Amino acid sequence: MTLLTALLIIGVLALIFGAILGYSAIKFKVEADPLVEQIDALLPQTQCGQCGYPGCKPYAQAIANGDEINKCPPGGDATIKNLADLMGVEPKPLDGDHGVEDVKKVAYIREAECIGCTKCIQACPVDAIIGASKQMHTVIIDECTGCDLCVAPCPVDCIDMVPVAPTTQTWQWELGKGVGDIPIKQVQ
Amino acid sequence: MIDVEQVITQLNQGQLFEYSGGVHPPQQKSLSNTTPINTIPEPEVLYIPVKQHIGTQGSICVTVGQHVAKGEALTQSSNPFAVPVHASTSGTIRAITPHPSAHPSGIPEMTVTLEPDGHAQWQLMPLLSDYMHLERITLLERICQAGISGLGGAGFPTHLKSNPQKPVECIIINGIECEPYITSDDRIMREHAWQIKQGIDILRHIIKPKHIIIAIEDNKPQALDALKTACLEDNGITITSVPTKYPSGGEKQLIQVLTGAEVPHDGLPIDIGCLMYNVGTCFAIADAVLHGKALVQRVVTLTGQALGHPQNVWALLGTPISHLLNIAEYEPSKQQAQKVIMGGPMMGFTVANDTVPVVKITNCLLVPDKQELPDIEDERACIRCGLCAEACPAGLLPQQLFWHSKAKEYDKAQAYNLDACIECGACAYVCPSEIPLVHYYRKAKTDIKHIALEKEKSEKARVRFETRQARLLADKQAREEKHRLAAEARKKSMDNKGNDAKDKIAAALARAKAKRAAAQNNSSTDSDK
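Note that the structure is a prediction, hence the values are computed from the model and not measured.

Conventions we followed
- Residues numbered from 1 in each chain as written.
- Chains lettered and ligands numbered in written order.
- Predicted model: local features only at pLDDT ≥ 70, side-chain atom pairs only at ≥ 80, totals over all residues.
- Helix = DSSP H or I, 4+ residues; strand = E, 2+ residues; numbered from the N terminus.
- Rg over C-alpha atoms; globule rule 2.2 N^0.38 Å.
- Buried ≥ 20, exposed ≤ 12 C-beta atoms within 10 Å, placed from the backbone.
- Contact = placed C-beta atoms within 7 Å.
- Domains from an automatic or database assignment.
- Nonpolar A, V, L, I, M, F, W, Y, C, P; charged D, E, K, R; others polar.
- Pairing = 2+ DSSP bridges.

**Student:** Help me out: how do you make sense of the overall build of chain A in this one?
**Tutor:** In terms of helices and strands, chain A carries five helices and four strands. When its helices and strands are written in sequence order, chain A yields α-α-α-α-β-α-β-β-β. Its C-alpha atoms give chain A a radius of gyration of 27 Å, clearly above 16 Å, the size a compact globule of 188 residues would have. Summarising its shape, the C-alpha atoms of chain A cover approximately 95 × 70 × 30 Å along the three principal directions. Residues classed as buried in chain A amount to 27% of the 188 residues present. Within chain A, residue pairs in contact and separated by at least 24 positions form 57% of the contacts whose partners lie at least 6 positions apart.

Okay, here's the thing in structure tokens:
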């Protein structure tokens, strides 16, 4: 009798917990793999495809599945370091096969030469080029990620990648270069 | 929130509070504070940057070749964060091009080049002498239209500061001027105390605080006397002398000295019911409201051993530094290479070249000789003496910030509240290893800002990429759906047609059958015959 009661109680408990677990699995369902999201958040989102995947999200997926973390030239060493921290592996130098780290650039269309073929518009992964068929195209600089993908499709080679000039907002202090040095300390 | 009545009682009893840290560098004020503010001839050319404050720049509303009057607006905008800039004197606009900026980098920024015609013909705004009966919004608009942003150093638009969304217990007028060498506020208080008082009255009418405190460091007794005389019969104003210590003029430090309350590190003075104004800003407010004059000039201290005649001058905004150096009799032989510091020796920066203009926040040009401020020696290793932590007025741990900033471990630096650093330079001043600590903090801060900006941009790019992918997918699905529907329709119509054909065949067969039957009937009848 005692045995039966114990079995009964355990059985009922099992059913209750099962029901709670089953309910929470539906109620608190996590849609995507959170690791992929986390990796994706560290990638620079240029969508340039230099890693060999068609965008940052697919590369994030690949890293989650065990691909190397050093295939992202726009992110450079900083991104590799962050990825290594996240994945718990040793940082590696950037894989030269996929390109080298470069200064930040944006695309510039020489508008007088543009023939309005829309090929670059189709190539742009972030819709940063505006224009229409047989109309001049131009780049929205603020939206351009500098991915380079519009340069190759252009039949008249009218797209340049121009380095972004620093402004007083984005300028970085250089130590001991004599520019903007602060005097402190030497007050006698 | 501070209890203003208690604070006033304490101030009247002479009780002040202390903040931890701070340093006592040599004052060097007597170099420049003995002569009255000099009115100087106009320069041959003025370079007026279109943005001289924190916020957004307006759009330029003048053209090259246009003649402008003194005080005429050069930019305009409906953005509340935009403050216009004005022609500092009458003359002709010669160019609107980038020009080296009054920024540590010297990166060229959009600048209006003005050639004075020598007449200094004013275009005044209507006087608002009867301001006591005017709406506060009218006065705020005037302060904005006159181009006034904080003249103490940060350059925050004054009309925004004067329109707080929280109750204001007290306004603090900052006449501390704690940085060595600088005497521009000292001189303006001594010579224009009445107009500063008028500016304070206007602010009082706009903001309606419970009380006003004027704080002046005790190394400026004449300024203290002048303001005491000006405010003699005003019970709503308390004038306090504050012990000399650097950086007591920092906003948060001064509030702590006067009230004993600390501004939260991620908050603003208004969070505890205070607003702070520089004395020069008060002077400019009175100029704008009572005299209709836009902000076109400010007091600049010209000082340092390499100047033959250190002094304070009224400099038109946009005056190139070279003009001021000539006036103060710059002696190049006393320097190895030309080195001019904009701001004071603690927080200033070396300017890019001598065509850089005076802007709204330029309070001092320091031109030191060889011995006065030798160039930075090689820094030595940190010996962990802890002097910097004792000197830090913000209560931070400069050593830790230094390690983490140097190693680019920015998350750790932020965990030690790097953003609470006011970059006063006290830590670097006391460092026996001559480590330029503030340099590292500034670099780390700009890096952090840069990373945040990049992060924001990449987030935007990600959203745009995903939106585009979704759109392409939706387009593809829509196309496939259309094809599928078309194919179905075709098939259906084909099926229908097929049925028709069968029907027709059946009908034809039936007709043939009937014909044949009829023929047979006929023949049988015939055979019956």
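**Student:** For this particular structure, what's the right way to read the domain arrangement of chain B?
**Tutor:** Many structure descriptions define interface size as the accessible area lost when the parts assemble. Residues and elements named next belong to chain B. Taken domain by domain, chain B consists of domain 1 (1–30 + 125–292) and domain 2 (383–493). One C-alpha centre belongs to domain 1, the other to domain 2, and the line joining them spans 35 Å. Contacts between the two partners involve 11 residues from domain 1, matched on the other side by 12 residues from domain 2. Each residue belonging to the side of domain 1 that touches domain 2 can be placed in one class, and the counts come to five nonpolar, six polar and no charged.

**Student:** Before we go on, may I ask you to explain the sheet that holds strand β2 (residues 46–49) of chain B in this structure?
**Tutor:** Strands pair in a sheet through their backbones, by hydrogen bonds, and they do so in one of two ways: parallel or antiparallel. Residues and elements named next belong to chain B. Judged by pairing direction, the sheet is antiparallel, and its four strands sit side by side in the order β2-β7-β6-β4 without closing on themselves. The open sheet has two edge strands with one neighbour each: β2 and β4 (67–68). In the sheet, strand β6 (residues 91–100) pairs with strand β7 (residues 108–116) via nine bridges, with the strands oriented antiparallel. Each bridged residue has a counterpart across the sheet, and for A95 the counterpart in β7 is T113.

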